[in-house]
Amino acid sequence: MTDVSRFENELLEYVGTRHAAMYDGIKSTGNVDTSELETIVAGFAAQFESSAPVGGDAPEAEAQAAAATGMVDSDVTLPETDIARQIGRAHV
């Protein structure tokens, strides 16, 4: 099962067991208090643990490793880091 499917299933269980009144209200009326739901989802998401390892073999980690950085300083801007990624043969 993917993390997305697991997140969805566990979120529904979390709302159904810990916020039963809201869950029942949504099922019976179809109305949702979006601010309350956003708070509930944010609380659930904060404790949800992905099954994918952090860093390691993730494609994002490879893309980050391929980035070239350098400090850019100008008389008209604050110093900042310039990040360039090579995609194919072109630089972004």
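Description of the structure in this document. As the structure is a computational prediction, the values presented were derived from the model and not from experiment.

Conventions and cut-offs
- Residues numbered from 1 in each chain as written.
- Predicted model: local features only at pLDDT ≥ 70, side-chain atom pairs only at ≥ 80, totals over all residues.
- Heavy atoms only, no water.
- Helix = DSSP H or I, 4+ residues; strand = E, 2+ residues; numbered from the N terminus.
- Buried < 20%, exposed > 50% of the residue type's maximum accessible area, 1.4 Å probe, protein only.
- Contact = heavy atoms within 4.5 Å.
- Salt bridge = Lys/Arg side-chain N within 4 Å of Asp/Glu carboxyl O.

Here Leu 11 is to be found in helix H1 (residues 3-18). Judged by relative accessible area, which is 15%, Leu 11 ranks as buried. C-alpha separation for the pair Leu 11 and Val 41, spaced 30 residues apart in sequence, amounts to 7.4 Å. With sequence-adjacent residues up to four places away left out, Leu 11 is seen in contact with Val 41 and Phe 44.

The tally for this structure, following the rule as stated, stands at two salt bridges. The salt bridge partner of Asp 3 is Arg 6, with a shortest N-O separation of 3.2 Å. In this pair, Asp 3 and Arg 6 both sit in helix H1, three residues apart, roughly one turn of the helix. Residue Glu 10 pairs with Arg 6 through a salt bridge whose shortest N-O separation is 3.3 Å. You can see Glu 10 and its partner Arg 6 sitting in helix H1, four residues apart, about one turn around the helix. With relative accessibility at 31%, the residue Glu 10 sits in the partly exposed group.

Any functional reading would require information beyond the geometric quantities listed.
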